[in-house]
Amino acid sequence: MLTERSARIKEALFANPRRISLERACLWQESYEETEGEPIILRRAKAFAHVLEKHAIVIDDDDLLVGNRSESPRAGVISPEMSPYWIIDELDEFSTRPQDTFEMSEDDKRKFREVVYPYWAGRSLNDWYRAHREDDVRAAEADKVFAVAQTDKGQGHIICDFDEVLERGLGDILAECKRHLTSSPKNEFYQASVICMKAMTAYIDRYRILVDERIAGGVCSPQRAAELARISEVLGHIATQPARDLYDALQLVWLVSVALQHESNASSLSLGRADQYLLPFYRASVEAGVTQAEIRELLQCFYLKFNTIIAVRSTESARFFAGFPIGYNLVVGGVDEQGDDAANELSELLLDLQRDTRLPQPNLSLRVHKDTPEGLLRKAVEIIRLGDGLPQCFNDEVNIESFVRRGVSASDARDYAVVGCVELSIPGRMYGLHDISMFNMLKCLEITLRENPRGFGGFEDLVSATEATIDRYVALMVRGCDTCDRAHRETSPTPFLSTFVHDALEKGADITSGGARYNPSGVQGVGTANLADSLYVIKKAVFDEKSVSWKELLDALERDWTGDGDETLRQRFVNAYPKYGNDVDEVDELGRHFLAHYGREVERYGNVRGGFFQPGSYTVSAHVPLGAAVGATPDGRRSGEQLADGGLSPMAGRDQHGPTASLMSVSKLENVLDTNGSLLNVKFSPATLAGEEGLAKLEAYIRSFSRLGIQHIQFNVIDRATLIDAQEHPDRHRNLVVRVAGYSALFVELSKAIQDDIINRTEHVL
Amino acid sequence: MEATVTNIQRFSLHDGGGIRTVGFLKGCPFRCPWCCNPENLSYEPEESFNEKLCIDCSRRSGEDCIRPSEECPTGAKRLLGEIREASDFAGELVRDSIFFDESHGGVTLSGGECLAPIERQAFVAEVLGAVKAAGVHTAVETTLAMPLSDPAGLVACVDVWLVDFKIADRAESLRVTGIDPDLRDANLRALLDRGAHVIARMPIIPGFTDARANVEANIARAIGLGITEADVLPFHQLGESKYETLGMGYPLSGVTQLSAEDVGWIKELAEAAGLHTVVDGR
């Protein structure tokens, strides 16, 4: 349970409407106006330092941990230096747009129009990207096969080396930066790094001084005065020294996280393996006699802080990533450097906190392997049953090998963690551009069909032609990604972040210039299920049975199934042919073939930082807009209808043989190829997970998932809304099976009265 | 050997322990008025029609549709019952063996009455023998109210017997359902003597099996046989729409469903008598 203090903090998070804040934008601009003509990395370092020195810092009466990115929590902090364009276009729509709304004052709007926008127009990251993007890449983006991301915001998607921050302290890291600068005085990265690290120390001092002023003001209760004195002592220490205990460690991780946001303003500056790097400090606190109740409250405060920062995205981007996901992914469990189980007493506690906070951040992840202890897995399934979709499970049995195959050392690979939603990264050693593009494979089929109105001699020719379309667009996508990569290098280096990523200090290079040890670019292949389903229908109906001609098929698709008899054809395509996700080898094989083809094509390309492109497969919420870009497809999809969700999931409602069969289908993919991470959503009803038995079955399901070598799984709970939708659209929900002893039926086949009864019993029997 | 199969349901959770795949065999010699799987009463393949899924593609709605079921684009009209060969059927039943292994689950054969007629017992033995040979745990759901051709052979391939205890009074049971509980008990003795693991399944049907005397008599019979486990299955109405799609009348229309709380007293009685008891099945 939340303590009274934590409950008040949580309530305050949502007490006021979210607002757009111009504070950072104005400070950044103030600094840039002073540094015209200087090297870009120094301008960025100075702007960062200026924000840290000037932005309004606050201490709330309930705070045990201090540090705020914006004056009020959950503000929309905009970065016109990345792109002022979408902001000016949408200035009047923040409060009314369909997804992720914000309030914005008329004064701020005017200020943005008159002061901020005119300064950044022509100078932003986005300007650089658009000026350097090649024409054929631009044309291909218009075809909506892929869209290059992070062209209007920070790159993010990285985990800094929190182990070192905590164990060495900021002072020691600053000393290292200074040593490097002494031996290479002209190195601009070292110059920038020293500026940033000094600014960080001063930033912590600002908070300490504010706390001391609060104490000196003398208006707080003796109890609060004692708390403030403790905070002041902690801040005084961690400004330069290593953490001593959990209080120091949490305060330091949080303040570094806040500062990283001030610099990048990006999604997914993630937290890594917190149960590993916090452990020595947790144990020190326990040994020093800090009670579990005190530790729990401190951790609650820590978790709540990560909900004070949200990402404001453009309307378009918010469709792809709805709900302000900021990607504070926090990983527990997994193996250690030697490959042995690394779980500890903190692993379970960090999962259990979700029971208290019930908020989306931190985004909790469990690394599962064959020796994951019973107790930790049991804790995980208890938390999953709460229905928040957390923790997600990641599978060491495939993810580590996947990294090793790409040249990551075994010990680094075993230390992998998660950035953002499901992207796999090596903490403190990898700058992976993990979310740089999504690639719509289904759109490639649509293009192939349109380009070949006369059809093909055989099914294999269609397969080859679709592969060729994929290859053609992959070549364009990687060039677009490289342009974005260079745009960040040329306009938006991140020297503060780079200081905490190996081997930037050793190499003397910002991560945007190749300073990290590992430098992949991650691009996601999307549409596997719909592509496999569509090709299988064509294979059977057009080539094997010859029951539909090529022209009839293309005409029906072109009409979006609106012609006479089209709906009959569509229904037949949906129902008469097996679909990916039902453990039917023939159709699953098509999914395997194309996702593997995409992956092998992608990995042929190097990027501008000396790394390689690597495939992943996830959509988050992008299956909706990506589907909107594709016309009707032979799997029975209507024009604009969403794609299969997740990345590897079957098309909604088409996985009629339950969650074991769908897992078997996914296991047939070459999952080890998707080093960048893949996403599988599975839905369970509350009844499935009820009682001791339900927990045991979910544990068994997760152990099976691990044995099957699938990278990721996330559990959602089937809710009332789903069942009500199933009453209205039975064709979309033929995968809802009623599970009662000795009985067999689908939910959609029950009478309305019985369905209502099930809905009113909150899905007791599904 | 061959038999008619209506459905293979993976990820079943209440049919003999763990995550299971249940194979439903078509046909039953008995007629329990509360049957929730009416598609498994007849031994012959039969058509069902679900109006909700029909898009009226033949312009002749509902029962007047002239299309044969194999041409129905939506699956509104379906032919229930497919003749399956034992080894092929067994191969499909064990596809989830990783999940069985991790959850202590397995394969369950159900119906209908999977062990009737007597000739079908050899099919069941062949299927479950193959399943067991693949290292998978096996179960059957049965009334056990028929002669057994080879009790020893069945015990060798069935790990758990889920055996119905419905109407305890022999005359009443024969009159209402056709099930002979004395024959069942004789079979149970033969199986238990050979080391069979038996769980008594007690469907609780208002007006048929829920009288205290009937419950007590069932418990007494189970205890008398040396059975130590029971599943109490509260009545549900989930079968009703299947009667409609098969064009059959449903005898228990409108009878109120029971909750776990409603049958709590039965669980208590059974536990008190020494039966380890689970509501809704394990």
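What comes next is a walk through the structure.

Let's shift gears to the overall build of chain A. Counting its secondary structure elements, chain A contains 33 helices and 17 strands. Taking 2.2 N^0.38 as the reference for a compact globule, 766 residues should give roughly 27 Å; the C-alpha atoms of chain A span a radius of gyration of 26 Å, in line with that estimate. With respect to the three principal axes, the spread of C-alpha positions in chain A is 85 × 60 × 55 Å. By residue count, 65% of the 766 residues in chain A fall in the buried class. Long-range pairs, those at least 24 residues apart, make up 78% of the contacts in chain A between residues at least 6 apart in sequence. Element-wise, carbon and sulfur atoms account for 49% of the exposed surface of chain A, whose accessible area totals about 25,300 Å². Between the centroid of the 86 positive side chains of chain A and the centroid of its 117 negative side chains there is a distance of 1 Å.

When helices and strands are counted, chain B shows nine helices and 11 strands. For chain B, whose C-alpha radius of gyration is 19 Å, the value lies close to the compact-globule estimate of 19 Å for 282 residues. Counting only C-alpha atoms, chain B reaches 60 × 45 × 35 Å along its principal axes. Burial status across chain B gives 59% buried among its 282 residues. Taking as baseline every contact in chain B between residues at least 6 positions apart, the subset at least 24 positions apart corresponds to 69%. Counting every atom, chain B has about 10,900 Å² of accessible surface; 51% of that belongs to carbon and sulfur. Charged side chains in chain B number 26 positive and 43 negative. The centres of these two groups are separated by 1 Å.

Bringing the state of the cysteines into the picture now. Residues and elements named next belong to chain A. Applying the stated criterion across every chain yields a total of zero disulfides over all chains. C421 takes part in no disulfide bond, and the closest cysteine sulfur to it belongs to C393, at a distance of 16 Å. Considering cysteine sulfurs only, C481 is the nearest to C444, which forms no disulfide, with 14 Å between them. For C444, a relative accessible area of 0% corresponds to the buried category.

In this section: unusual backbone geometry. Generally, phi is negative for residues other than glycine and the peptide bonds are trans, each holding for most cases. The residue after Q361 of chain A, namely P362 of chain A, is reached through a cis peptide bond having omega -10°. Residue position: P362 of chain A is located in the loop between α17 (354–357) and β7 (363–368). Here the residue pair H502 of chain A and D503 of chain A is connected by a cis peptide bond, since its omega of 5° sits within 30 degrees of zero. Tracing the backbone through its elements, the reader meets D503 of chain A in the loop between α23 (495–499) and α24 (504–507). Look at D560 of chain A: it is not a glycine, yet its phi comes out positive at around 55°. Along the polypeptide, D560 of chain A turns up in the loop between α26 (550–558) and α27 (566–575). Although it is not a glycine, D280 of chain B sits at a positive phi angle of roughly 80°.

All right, on to the sheet that holds strand β15 (residues 712–717) of chain A then. All names here are of chain A. Judged by pairing direction, the sheet is mixed, and its five strands sit side by side in the order β6-β7-β8-β15-β14 without closing on themselves. Two strands in the sheet have a free side with no partner beyond their single neighbour: β6 (329–333) and β14 (681–684). Across the sheet, the mean angle separating the axes of adjacent strands is 30° when strand polarity is ignored. Pairing between β14 and β15: four bridges, direction parallel. Note on β15: the bridge partner recorded for N681 is Q714.

Residues and elements named next belong to chain A. In spatial order, the strands read β3-β11-β12-β13; together these four strands make up an open sheet with mixed pairing. Two strands bound the open sheet, and with one partner strand each, they are β3 (146–148) and β13 (613–616). For this sheet, the mean angle separating the axes of adjacent strands, direction not counted, is 25°. In this structure, strand β12 (residues 521–526) lies alongside β13, joined through four bridges in parallel fashion. In the sheet register, Q524 faces β13, and the bridge partner there is G616. Along the sheet, helix α21 (residues 441–451) makes contact with β11 (437–440) and β12, crossing β11 at roughly 40°.

Another aspect to go through is the interface of chain B and chain A. Reports often express the size of an interface as the amount of accessible area lost when the parts come together. On the chain A side, the residues contacting the 44 residues of chain B number 48 residues. For the pair chain B and chain A, the summed buried surface comes to about 3,900 Å²; carbon and sulfur atoms form 56% of the total. Among the residues of chain B in contact with chain A, F11, F99 and L238 of chain B are the three that bury the most area, contributing 18% of the side total. In this assembly, chain B and chain A are joined by five salt bridges. Our enumeration of links across chain B and chain A arrives at 10 residue pairs in polar contact (both at pLDDT 80 or more). For the side of chain B that touches chain A, the elements supplying multiple residues, two or more each, are β1 (2–12), α2 (97–103) and α8 (240–245) of chain B. No other element matches the six residues that β1 of chain B contributes to the side of chain B that touches chain A. When its residues are assigned to classes, the side of chain B that touches chain A shows 14 nonpolar, 14 polar and 16 charged.

We now examine the packing of aromatic side chains. Applying the stated rule across the entire model yields 30 aromatic pairs over all chains. Their ring planes at 55° and their centres at 6.3 Å tell us that F573 of chain A and Y577 of chain A sit as a pair that is tilted. One exposure class covers both F573 of chain A and Y577 of chain A, and it is buried. For the cation-ring pair, R18 of chain A lies above F102 of chain A, with the distance from its terminal atom to the ring centre recorded as 5.6 Å. In this structure, R184 of chain B is placed above the aromatic ring of F165 of chain B, and the distance from its NZ or CZ to the ring centre is 3.8 Å.

Next up on the list: the pattern of salt bridges. All names here are of chain A. Enumeration over the complete set of coordinates arrives at 96 salt bridges over all chains. Between R367 and D396 there is a salt bridge, with the nearest N and O atoms lying 2.8 Å from each other. Here the residue R367 occupies a position in strand β7, and D396 occupies one in helix α19 (residues 396–405), the gap between them amounting to 29 residues. By the burial criterion, R367 is buried, and D396 matches it. Across the salt bridge formed by K540 and D544, the nearest N and O atoms sit 3.7 Å from each other. Highlighted residues: K540 and D544, both in helix α25 (residues 528–544), separated by four residues, approximately one helical turn.

Definitions and limits used
- Residues numbered from 1 in each chain as written.
- Chains lettered and ligands numbered in written order.
- Predicted model: local features only at pLDDT ≥ 70, side-chain atom pairs only at ≥ 80, totals over all residues.
- Heavy atoms only, no water.
- Helix = DSSP H or I, 4+ residues; strand = E, 2+ residues; numbered from the N terminus.
- Rg over C-alpha atoms; globule rule 2.2 N^0.38 Å.
- Buried < 20%, exposed > 50% of the residue type's maximum accessible area, 1.4 Å probe, protein only.
- Contact = heavy atoms within 4.5 Å.
- Areas by Shrake-Rupley, 256 points an atom, 1.4 Å probe, with all protein chains shown as cover.
- Lys, Arg positive; Asp, Glu negative; His and termini not counted.
- Charge placed at Lys NZ, Arg CZ, Asp CG, Glu CD.
- Disulfide = S-S within 2.5 Å.
- Pairing = 2+ DSSP bridges.
- Axes fitted to C-alpha atoms, helices over the stretch in contact; angles between N-to-C directions.
- Buried area = accessible area lost by both parts, 1.4 Å probe.
- Salt bridge = Lys/Arg side-chain N within 4 Å of Asp/Glu carboxyl O.
- Polar contact = N/O pair within 3.5 Å; in protein donor to acceptor, adjacent residues only side chain to side chain.
- Nonpolar A, V, L, I, M, F, W, Y, C, P; charged D, E, K, R; others polar.
- Phe/Tyr/Trp six-rings, centres within 6.5 Å; stacked < 30°, edge-to-face > 60°.
- Lys NZ or Arg CZ within 6 Å of the ring centre and 35° of its normal.

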